[in-house]
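Per-entry structural report
The residues making up each chain are set out below.
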Amino acid sequence: MRIEVDKLKEASTPFASIYAPDELPLEDELMRLTAEAKVEGRASKKREQIRLQGKLSASVEVACDRCAAPVDVSVNTDFDVTYLPVDILTVETEATELQEDDLNFAAYEGDTVDIDELAREQILLALPTRQLCREDCQGLCPTCGANLNTGTCQCDQQEIDPRWAALAALKKSDK
Ligand SMILES: [Zn+2]
Ligand SMILES: [Zn+2]
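First things first, this report covers the structure right here in the doc.

Calculation rules
- Residues numbered from 1 in each chain as written.
- Chains lettered and ligands numbered in written order.
- Predicted model: local features only at pLDDT ≥ 70, side-chain atom pairs only at ≥ 80, totals over all residues.
- Heavy atoms only, no water.
- Salt bridge = Lys/Arg side-chain N within 4 Å of Asp/Glu carboxyl O.
- Helix = DSSP H or I, 4+ residues; strand = E, 2+ residues; numbered from the N terminus.
- Buried < 20%, exposed > 50% of the residue type's maximum accessible area, 1.4 Å probe, protein only.
- Pairing = 2+ DSSP bridges.
- Donors = N, O, S within 2.8 Å, 3.2 Å for Na, K, Ca; no water.
- Tetrahedral: all angles 85-135°; square planar, octahedral: opposite > 155°, others 65-115°.

1. Brief notes about the pattern of salt bridges
Applying the stated criterion across every chain yields a total of six salt bridges. We note a salt bridge from Arg-2 to Asp-114, for which the minimum N-O separation is 3.5 Å. Here Arg-2 is found in strand S1 (residues 2-4), whereas its partner Asp-114 is found in strand S8 (residues 112-114), with 112 residues between them in sequence. Judged by its relative accessible area of 52%, Arg-2 falls in the exposed class. The partner of Glu-61 in a salt bridge is Arg-32, with the nearest N and O atoms 3.2 Å apart. You can see Glu-61 sitting in strand S5 (residues 49-63) and its partner Arg-32 sitting in strand S3 (residues 31-33), a full 29 residues away along the chain.

Listed below in structure tokens is the structure:
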């Protein structure tokens, strides 16, 4: 969904959009929507600045950082983003005026603001940078890739085995 800048008035205009999981790809193969994502808010315009305020909710499945098991995360976030035309944003950012708070600024190109992009960005911003399936996740064995949450693997033993084998060979040759 896109908001047409020309149609906005200074008084805020409500907008809302609902995305089925496959309608909003998150552009990261380790995460996907598991239920409808909903974004709603109000848009207002002041000269060339478009301000979007509202909230977003989504359910996202991400991969555990240690074992890659799927983890469900619910996202409920508020946003307040001011869009500037791309040329103005670039000039002002170079003047470092916006950098303190630049997460709250975004650029729009042409005469529309892309709500899909807003929704995607807000979801990614709201997700924790590190996600574990459980606090004490044991992760995967670095050697064989076995999931250590569901059992142990034979790697430790195998690492010792060659030494015992060598020792056994030495003892044999002593005799
Ligand atoms: Zn895990
Ligand atoms: Zn192993």
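2. Brief notes about the pairing of S5
Pairing analysis gives three bridges linking S3 to S5, with the strands arranged antiparallel. Note on S5: the bridge partner recorded for Arg-32 is Glu-61. As paired elements, strand S4 (residues 37-46) and S5 share nine bridges and run antiparallel to each other. Opposite Lys-46, over in S5, you have Gln-49 as the bridge partner. In this antiparallel pair of consecutive strands, S4 and S5, the connection spans two residues, and Arg-47 shows a positive phi of 50°. Bridge count for S5 against strand S6 (residues 70-85) is 14 bridges, and the pairing is antiparallel. Each residue of the ladder has a partner; that of Leu-52, found in S6, is Val-81.

3. Regarding the coordination of the zinc ion (ligand 2)
Every protein donor of the zinc ion (ligand 2) is accounted for by Cys-141 (SG), Cys-144 (SG), Cys-153 (SG) and Cys-155 (SG), and the metal-donor separations fall at 2.1 to 2.3 Å. Geometry at the zinc ion (ligand 2) is tetrahedral, judged from its four donor atoms and the angles of 105 to 115° they form at the metal. Between consecutive donor residues of the zinc ion (ligand 2), the sequence gaps follow C-x2-C-x8-C-x1-C. Highlighted residues: Cys-141 in the loop between helix H2 (115-126) and helix H3 (155-174) and Cys-153 in the loop between H2 and H3, separated in sequence by 12 residues.

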